[in-house]
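# Structural features, examined
Residue strings, one per chain:
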Amino acid sequence: MNDRLPILYSFIRCPYAIRARLALCCAKTVYELREVRLKDKPVSLLEYSPKGTVPVLILPDRTVIEQSLDIMFWALEKNNTKQNSQYTNQPLLSLSGKDKEYADYLIKENDGNFKYALDRYKYPNRYANDENQNSTSLEWRNEAEKFLKELENQLNPHAYLFGDQLSYADLALMPFVRQFAKVDPEWFCNSPYKQLNNWLNKIEQSDLFETVIRKYEPWKPECFERIIIK
Ligand SMILES: N[C@@H](CCC(=O)N[C@@H](CS)C(=O)NCC(=O)O)C(=O)O
């Protein structure tokens, strides 16, 4: 029976993979997890998805979903009626109209300008030779703060981005804000972004997040024991 489960190639700390695992967990999708070392990717992952990034979800009919947002939408649309409760106390808020438009804009901004600045804030040496080599890590932090301000405004006065219920936008964005916060936790904690701090802490301390951030050994094709996430 397990042969018919979706398979997720994932990496524990990858924010794209975390957003996919959050959605799969919220949608109560049962799947096989294959934890990947990015420096030693399994051949089967590259066969399914030659672009070589995670997350990648393989459906039982061998359809390959190789973008984190598509994995989220697949999970949440397919299992909308089952969503709950066990982790979030209530179903995910479903967004429409202007809210949906704004959520999609925030996700696009996150995956574009914010991620670009975040990478350079976090790994200044890695990007020393790129076209913006004159900018320092702190300048990139300032750049990234534009997005944080937007999130802070949007959160005010709610617990989550679109009210008092989690939505897919919270799940999609949280792993990236978490990554930003972890570069300099003290700075983030003392920053003016109080609502954002509360939001991040609330999600990070939830059973939902605790479930998706559990550590597993890297998957090996020769190992018969599979990790089934329920
Ligand atoms: N657009 C992709 C981006 C995924 C991505 O860039 N993942 C990184 C890990 S966080 C990766 O796999 N990088 C390949 C590597 O480092 O070799 C998505 O949304 O799934």
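A few points on the structure. (Residues numbered from 1 in each chain as written. Predicted model: local features only at pLDDT ≥ 70, side-chain atom pairs only at ≥ 80, totals over all residues.)

### Some details on helix H8 (residues 194-204)
Three or more residues of H8 are buried, namely Leu196, Trp199, Leu200 and Ile203. Buried residues in H8, looked at end-on, bunch into an arc of 95°, giving them a common side. Seen from the open side of H8, the exposed residues pointing more than 90 degrees away from its buried face are Lys194, Asn198 and Asn201. (Buried ≥ 20, exposed ≤ 12 C-beta atoms within 10 Å, placed from the backbone. Helix = DSSP H or I, 4+ residues; strand = E, 2+ residues; numbered from the N terminus. Arc of directions from axis to C-beta.)

### A closer look at the nonpolar core
Soluble, globular proteins show a tendency: their nonpolar side chains are buried together. Core analysis: the largest hydrophobic core is formed by 61 residues, its most contacted members being Ala23, Met72 and Leu171. Residue contributions to this core peak at ten residues, all from helix H6 (residues 168-183). Setting aside its immediate chain neighbours within four residues, Leu171 contacts Arg19, Leu22, Ala23, Cys26, Met72 and Leu166. (Core = buried A, V, L, I, M, F, W, Y, C linked by C-beta atoms within 7 Å. Contact = placed C-beta atoms within 7 Å.)

### Quick word on the environment of Gln195
Relative to the assigned elements, Gln195 resides in helix H8. Gln195 sits in the partly exposed class, given 17 other C-beta atoms within 10 Å. Along the chain, Gln195 and Ile18 lie 177 residues apart, while their C-alpha atoms are 22 Å from each other. Excluding its chain neighbours within four sequence positions, the residues that come into contact with Gln195 are Glu152, Leu155 and Asn156.

### Quick word on the packing of helix H3 (residues 68-78) against H6
Contact pair H3 / H6: the axes reach a minimum separation of 11 Å and the direction vectors enclose 150°. With respect to H6, the element H3 is oriented roughly antiparallel. As H3 packs across H6, the resulting crossing turns out to be right-handed. Touching Leu69, Met72 and Leu76 of H3 are Tyr168, Leu171 and Ala172, all from H6. Along the lines of polarity and charge, the residues of the contact of H3 with H6 split into six nonpolar, no polar and no charged. (Axes fitted to C-alpha atoms, helices over the stretch in contact; angles between N-to-C directions. Parallel < 35°, antiparallel > 145°, perpendicular 65-115°, else oblique. Left-handed = near helix turned anticlockwise from the far one by under 90°. Nonpolar A, V, L, I, M, F, W, Y, C, P; charged D, E, K, R; others polar.)

### Overview of the sheet that holds strand S2 (residues 31-35)
On the basis of which strands lie adjacent, the open sheet formed by five strands has the order S4-S3-S1-S2-S5 and mixed pairing. The strands lining the two open edges of the sheet, one partner per strand, are strand S4 (64-65) and strand S5 (227-229). Bridge analysis of strand S1 (residues 7-10) against S2 gives four bridges, and the strand direction is parallel. By the bridge assignment for S2, Tyr9 is matched with Arg34. (Pairing = 2+ DSSP bridges.)

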